[in-house]
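Secondary and tertiary structure notes
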Number of protein chains: 2
Amino acid sequence: MANFDLTRRLATEEGGKIIFLVMDGLGGLPLQADGQTELEAATTPNLDRLAREGSTGLSIPIARGIESGSGPGHLALFGYDPLFYEIGRGALEAAGIGLLLEPGEVAARGNFCTVDENGIITDRRAGRIATEKGEVACATLQEIELPGVELIVREVKEHRFALIMKGKGLNARLLDTDPGETGVPPLKARPEPEAADDPAAKHTADLVNQFLAAAREKLAGHHPANMVNLRGFAHDPALPKFKDVYKLKAACIAVYPMYKGVSRLVGMDIIETTAHDEPLDEFERAAALYDDYDFFFIHIKYTDSRGEDGNFDAKVAVIEQVDAALPALMDLSPDVLIVTGDHSTPAKLKSHSFHPVPTLIWAPATHMRDSVTGFGERACMTGALGQFPAADLMQLALAHANRLKRYGA
Amino acid sequence: MANFDLTRRLATEEGGKIIFLVMDGLGGLPLQADGQTELEAATTPNLDRLAREGSTGLSIPIARGIESGSGPGHLALFGYDPLFYEIGRGALEAAGIGLLLEPGEVAARGNFCTVDENGIITDRRAGRIATEKGEVACATLQEIELPGVELIVREVKEHRFALIMKGKGLNARLLDTDPGETGVPPLKARPEPEAADDPAAKHTADLVNQFLAAAREKLAGHHPANMVNLRGFAHDPALPKFKDVYKLKAACIAVYPMYKGVSRLVGMDIIETTAHDEPLDEFERAAALYDDYDFFFIHIKYTDSRGEDGNFDAKVAVIEQVDAALPALMDLSPDVLIVTGDHSTPAKLKSHSFHPVPTLIWAPATHMRDSVTGFGERACMTGALGQFPAADLMQLALAHANRLKRYGA
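Every chain is numbered independently, its residues counted from 1 as its sequence is written. Lettering for chains starts from A, numbering for ligands starts from 1, and both go in the order in which the items are written. Residues qualify for local features only when their pLDDT is at least 70, as the model is predicted, and side-chain atom pairs are given and counted only at 80 or more; totals for whole chains, interfaces and linings, by contrast, use all residues. Each side-chain value is worked out from all heavy atoms of the structure, with water and hydrogens disregarded.

1. Focus on the overall build of chain A
Worth spelling out the cut-off: Strands are runs of DSSP state E lasting at least 2 residues, helices are runs of H or I lasting at least 4, and numbering of each runs from the N terminus. In this setup the radius of gyration rests on C-alpha atoms only. A globule is expected at 2.2 Å times the number of residues raised to 0.38. Buried, partly exposed and exposed residues are distinguished by accessible area as a fraction of the type maximum, computed with a 1.4 Å probe on protein chains only: under 20%, between the cut-offs, and over 50%, respectively. Two residues qualify as a contact provided that any one of their heavy atoms is within 4.5 Å of a heavy atom in the partner residue. Only four residue types enter the charge count: Lys and Arg as positive, Asp and Glu as negative, with His and the chain ends excluded. To locate a charge, the coordinates of NZ of Lys, CZ of Arg, CG of Asp or CD of Glu are taken.
Across its full length, chain A holds 15 helices and 13 strands. A compact globule built from 409 residues would reach a C-alpha radius of gyration of about 22 Å, and chain A, at 23 Å, matches this within 12%. Dimensions along the principal axes, computed over C-alpha positions, put chain A at roughly 65 × 50 × 40 Å. The burial tally for chain A puts 58% of its 409 residues in the buried class. Contacts in chain A between residues at least 24 apart in sequence constitute 75% of all its contacts with a sequence separation of at least 6. Averaging the locations of the 41 positively and 58 negatively charged side chains of chain A gives two centres separated by 3 Å.

Dropping the structure here:
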């Protein structure tokens, strides 16, 4: 699996341009035993051309049999061993809305919820309040003052917000205050069992409990968003940066905050987009900035969403929409064009799954054409890349872009 | 990846004979998108027969995407993790001409160069002086005396020589004195930044600088070889030996010093050859000594050389020459015959490359015939061995030779 000591040592400042197109949850399954997968059923003349001309294979996001979340799936695609590097949800949520943590600061993911007069949770998502209402509630929480720490409370979307605590002697090893069910009150903040005796963790739990008490008071008139739960307390994950490990100036083109968050944490520039952007909009954004970056991570969200919905045909349609827009990328004549996914999301399972992910590398100067003539799960089984850890893909991308020196004489 | 603890524990003294044929830089690429590679284009009835009867696959020298030098590429083929075991160039150069280092001794690779009256380098290779002239210049350098150390100066070829320092308190962590360009004077020897405060490194740098000053004086009348640069200061890499880890009596049949050097460092006997030897000469050498060894490493240099030249047809011709000579090995009826390369050197790229290497194992008692009918990059993609780390190949060789006991009951 990819190795930063090695890439740091061998990566060069010069070399070709890389477009790294990630269709979230790309891999699928047939609905019937002898049927086709979503990718196989889709009409994809452009992807098929890339697969026919280039090298194909199947990438394994985490390890065989392991179903990956989107966070570790993307870390792996970016070359970070996902079993070594873990991003706390709080840090990811904060990064998604542009807030990076300094060392020692603590972030948590917040959810507005509804409690009754006895403090019992009746709705864990506060009726999915509108984002504008969430912003008002966040402004109210921002008024809270705690001794010795600075607070940042920032709306994310609907009932979700991010909380950051800045101060000395903080430790993020706390358990969630979200009980995960209704009919019970929010839990108190308290250290993880392994940090039970850590003074900083106890101090931080104490501050969080003061915050929660103040929130209950301040939000009394904000029904249904009249209380909060906090989850995923985390420090900055201190991920090595793309510029450092790969010597790449990298751009992220994604429509969802989480993917922007991971990209920001690995040091990519985040390109302005909106959730309404279509694949073609994203590809045109890359084209407009093509001279400014060495590496473009382009993320397609809705392959995964339609898989999660269990809507096979809708997932096929998203894949076809991407394929139809692909000439906007191919016209750039990138040195390396990679198409892959962060994990599989078969509509049949309405969920992420552990299956390996169809992957192609198109790099005319160096790719080895294999016998594969179309892009699909079964076709990729016989491809030049074999089955390989997703975390090796960045090393292959750099190699095909002629960005790695020789190892040894 | 192969594991010496395991092979040491399981290897037996008895078992079949193994011929390990390495065609340097074997892997290639098509010149045109829909064309054939060098190996595919070559007419190779004997290699095709071995591939058809035996098991095929693709070996990955270092890691996916990593272009390997010949040193680490061979270490990997010999089962040594090339990211763990590194051979300093000085130790390799010395071993290539038969000089093995004792612990604590320091070796460097030397280049005769030309300097003008101001000591500025005008030719880093001293006009590639004839080897006989190099020998005379080495004899002159051998007269230099330094306090407390014994020196060995030995000609390698043309402008290249090896320097060995024997004495107490030496440390090889020095930077090269070769500035890598003309128009500047040679650099002074000085410790690597990480060894800047090491007294032994400072002492060694001091001795090297005394040697360089004396060399300048001694060589004044030896124009164009009137100065030297030193590179790759190194200690003995202390590699485990074939006899120890594999219980194999092993012979190296190679025409180039570097490959003899690596083989000597892993404990093989070096069989007398010359650079004029053809593949058939090398194979006949193996046949003559067949009863004396368990394992024959046979190295073919010119597949790599012609690839580096960018001469597709000449590389094809070398492969065909090897194929034509192959009956000399097959007539020995070895228990295991392996054909592979240490890395790829596509003529298209005129360079080593990161691409995996076609590999076959022919071992009639144990091989699994796959559907492959000829020896080539694309054919090997579907073979019985899959894609695997080159460092696993020795373990497979031992297994096919029935030289490994069962692991566990």
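Here the narrative resumes.
2. Details of the nonpolar core
Inclusion rule: Buried Ala, Val, Leu, Ile, Met, Phe, Trp, Tyr and Cys residues that are joined via side-chain atoms within 4.5 Å together make up what is termed a nonpolar core.
Core analysis: the biggest nonpolar cluster contains 59 residues, and Phe78(A), Tyr80(A), Phe242(A), Met268(A) and Phe295(A) have the highest contact counts within it. Here this core takes 6 residues from helix H15 (residues 393-400) of chain A, the largest share from any one element. Excluding residues that lie within four positions of it along the chain, Met268(A) makes contacts with Phe78(A), Phe242(A), Ala250(A), Ala251(A), Cys252(A), Ser263(A), Phe295(A) and Phe297(A). Counting residues in each nonpolar core, the second largest holds 49 residues, with Leu75(B), Ile164(B), Val245(B) and Ala397(B) among its members.

3. A look at the interface of chain A and chain B
Where we set the bar: Once two parts are joined, some of their accessible surface, as seen by a 1.4 Å probe, is lost; buried area is that loss totalled over both. Criterion for a salt bridge: a side-chain nitrogen of Lys or Arg within 4 Å of a carboxyl oxygen of Asp or Glu. We define a polar contact as two N or O atoms separated by no more than 3.5 Å, with the added condition that, inside protein, one atom must be a possible hydrogen donor and the other a possible acceptor, whereas residues neighbouring each other in sequence contribute only through side-chain atom pairs.
Contact with chain A, which involves 28 residues of that partner, is made by 32 residues of chain B. Roughly 2300 Å² of surface becomes buried between chain A and chain B when both sides are summed, with 57% attributable to carbon and sulfur atoms. Taken as a group, Met368(A), Arg406(A) and Tyr407(A) account for 32% of the area that chain A buries against chain B, more than any other trio of residues on that side. For the pair chain A and chain B, the interface holds 3 salt bridges. With a shortest N-O distance of 3.1 Å, Glu86(B) and Arg9(A) are connected by a salt bridge. At the junction of chain A with chain B, the criterion picks out 13 residue pairs in polar contact (both at pLDDT 80 or more). For the side of chain A that touches chain B, the elements supplying multiple residues, two or more each, are helix H1 (4-10), strand S13 (386-389) and H15 of chain A.

4. Examining helix H10 (residues 279-288) of chain A
Residue and element names in this part refer to chain A. What counts, and what does not: The arc under discussion is defined with respect to the helix axis, by the directions toward the C-beta atoms.
Here H10 has its buried residues at Pro-279, Glu-282, Phe-283 and Ala-286. Looking down the long axis of H10, one finds its buried residues gathered within 95 degrees of arc, a one-sided arrangement. The inward-facing, buried residues of H10 abut strand S1 (18-23), strand S8 (250-253), strand S10 (295-300), helix H12 (312-325) and helix H13 (327-330).

5. Brief notes about the sheet that holds strand S12 (residues 357-362) of chain B
Residue and element names in this part refer to chain B. Here is the rule we go by: Two strands pair under a simple rule: DSSP has to find at least two bridges between them. For helices, the fitted line uses only the C-alpha atoms of the stretch in contact; every axis is such a line through C-alpha atoms, and the angle between N-to-C directions lies from 0 to 180 degrees.
Ordered by their spatial adjacency, 8 strands build an open sheet running S9-S8-S10-S1-S11-S12-S2-S13, and the pairing between neighbours is mixed. Across the chains shown, the open sheet's two edge strands, defined by having one partner strand only, are strand S9 (269-270) and strand S13 (386-389). The pairing of strand S2 (residues 55-60) with S12 spans 5 bridges and is classified as antiparallel. Counted as the bridge partner of Leu-58 is Pro-358 from S12. Running at roughly 170 degrees to strand S10 (residues 295-300), helix H10 (residues 279-288) makes contact with strand S1 (18-23), strand S8 (250-253) and S10 of the sheet.

6. Focus: the packing of helix H5 (residues 89-96) of chain B against helix H9 (residues 257-265) of chain B
Residue and element names in this part refer to chain B. As a reminder of what qualifies: Our angle categories are set so that under 35 degrees counts as roughly parallel, over 145 as roughly antiparallel, 65 to 115 as roughly perpendicular, and the remainder as oblique. Following the grouping adopted for this structure description, the nonpolar residues are Ala, Val, Leu, Ile, Met, Phe, Trp, Tyr, Cys and Pro, the charged ones are Asp, Glu, Lys and Arg, and the polar ones are all others, Gly among them.
It is at 7 Å that the axes of H5 and H9 come closest, and there the two elements cross at 100 degrees. Put simply, H5 runs roughly perpendicular to H9. Residue-level inspection shows Arg-89, Ala-91, Leu-92, Ala-95 and Gly-96 of H5 in contact with H9, the latter providing Pro-257, Met-258, Lys-260, Gly-261, Val-262, Arg-264 and Leu-265. Of the residues belonging to the contact of H5 with H9, the class tally is 7 nonpolar, 2 polar and 3 charged.

7. With respect to the relation of the copies chain A and chain B
Spelled out, the test is: For the least-squares superposition of copies, only C-alpha atoms count, and only for residues with pLDDT at least 70 in both.
Superposition record for chain A on chain B: RMSD 0.1 Å, screw rotation 123 degrees, translation along axis 0.2 Å. Overall, the copies show the geometry of a three-fold rotation axis. Ranked by how close their C-alpha atoms come to the rotation axis, the residues of chain A are headed by Thr382(A), at 3.8 Å. The share of interface residues of chain A whose copies in chain B are also at the interface is only 4%, consistent with the copies meeting through different surfaces.

8. A closer look at the packing of aromatic side chains
By convention here, two paired aromatic rings are described through the distance between centres and the angle between planes. So the rule is basically this: Only Phe, Tyr and Trp rings are paired, with Trp represented by its six-membered ring, and only when their centres lie within 6.5 Å; those with planes under 30 degrees apart are stacked, over 60 edge-to-face, the remainder tilted. Only when the NZ atom of a Lys or the CZ atom of an Arg is both within 6 Å of the ring centre and within 35 degrees of the ring normal do we say a charge sits over the ring.
In total, this model carries 28 aromatic pairs over all chains according to the counting rule given. On the basis of an interplanar angle of 75 degrees and a centroid distance of 6.0 Å, the ring pair of Phe4(B) and Tyr246(B) is categorised as edge-to-face. One end of the pair, Phe4(B), is in helix H1 (residues 4-10); the other, Tyr246(B), is in helix H8 (residues 242-246), and 242 residues separate them in sequence. Pairing Phe242(B) with Phe295(B) gives two aromatic rings, centres 5.2 Å apart and planes at 65 degrees, and the pair type is edge-to-face. Residue Phe242(B) is found in helix H8, and its partner Phe295(B) is found in strand S10; the two are separated by 53 residues along the sequence. Directly above the ring of Tyr256(A) sits Lys157(A), whose terminal nitrogen or CZ lies 5.8 Å from the centroid. In this structure, Lys17(B) packs its charged tip against the face of Tyr290(B), placed 5.1 Å from the ring centre.

9. Some details on the environment of Leu207(B)
All names here are of chain B. Structurally, Leu-207 can be placed in helix H7 (residues 199-218). Residue class for Leu-207 comes out buried when judged on its relative accessible area of 1%. Here the alpha-carbon distance between Leu-207 and Thr-177, two residues 30 residues apart in the chain, equals 13 Å. Residues contacting Leu-207, with those up to four places away along its chain left out, are Leu-146, Pro-147, Val-149, Met-165 and Leu-170.

10. Focus: the side chain of Thr204(A)
All names here are of chain A. Residue placement: Thr-204 occurs in helix H7 (residues 199-218). Note on Thr-204: relative accessible area 0%, which makes it buried. Of the polar contacts made by the side chain of Thr-204, one reaches the backbone oxygen of Ala-200; its length is 2.6 Å. Aside from chain neighbours lying at most four places away, what touches Thr-204 is Met-165, Gly-169, Leu-170, Asn-171 and Leu-174.

11. A few points about the pattern of salt bridges
Pairing between side chains of opposite charge can happen when their charged atoms approach one another. Residue and element names in this part refer to chain A. Applying the stated criterion across every chain, the model contains 39 salt bridges over all chains. The salt bridge partner of Glu-105 is Lys-166, with a shortest N-O separation of 3.2 Å. Remark: Lys-166 occurs in strand S6 (residues 160-167) and Glu-105 occurs in the loop between helix H5 (89-96) and strand S3 (106-115); sequence separation between them is 61 residues. Overall, the relative accessible area of 8% leaves Glu-105 in the buried class. The network of salt bridges with shared partners includes Glu-93, Arg-109 and Arg-160.

12. Thoughts on the packing of helix H4 (residues 70-77) of chain B against H9(B)
All names here are of chain B. What counts is decided by this rule: Each crossing is labelled by how the near helix is turned from the far one, with a counterclockwise turn of less than a right angle marking it left-handed and a clockwise turn marking it right-handed.
At a closest axis distance of 10 Å, the pairing of H4 and H9 adopts a crossing angle of 40 degrees. Viewed along their axes, H4 and H9 adopt a mutual orientation that is oblique. When the axes of H4 and H9 are compared, the crossing they make is right-handed. Within the contact between the two elements, H4 uses Ser-70, Gly-71, His-74 and Leu-75 and H9 uses Met-258, Tyr-259 and Val-262. Tallied by class, residues from the contact of H4 with H9 come to 4 nonpolar, 3 polar and no charged.

13. Notes on the side chain of Lys260(B)
Residues and elements named next belong to chain B. Relative to the helices and strands, Lys-260 is located in helix H9. Comment: no salt bridge for buried Lys-260; closest opposite-charge side chain is Glu-272, at 6.0 Å. Lys-260 has contacts with Gly-96, Cys-252, Ala-254, Val-255, Ile-270 and Thr-273, leaving out every residue within four places of it along the chain.

14. Describing the pairing of S12(B)
Residues and elements named next belong to chain B. A large share of S12 lies buried, amounting to 6 of its 6 residues. Residues Val-357, Thr-359 and Ile-361 point to one face of S12 and Pro-358, Leu-360 and Trp-362 to the other, with burial holding for every one of them. The pairing of strand S11 (residues 336-340) with S12 spans 3 bridges and is antiparallel. Note on S12: the bridge partner recorded for Ile-338 is Ile-361.

15. Here we look at the sheet that holds strand S11 (residues 336-340) of chain A
Residue and element names in this part refer to chain A. Reading across from one edge, S9-S8-S10-S1-S11-S12-S2-S13 is the order of the 8 strands in this open sheet, with mixed pairing throughout. Taken across any chain shown, the strands that pair with only one partner, and hence form the sheet edges, are strand S9 (269-270) and S13. As paired strands, S8 and S10 are joined by 4 bridges and run parallel to one another. When the bridges of S10 are listed, Cys-252 appears paired with Phe-297. Here helix H3 (residues 45-53) sits on the sheet and contacts strand S2 (55-60), S11 and strand S12 (357-362); the angle it forms with S12, its principal contact strand, is near 70 degrees.

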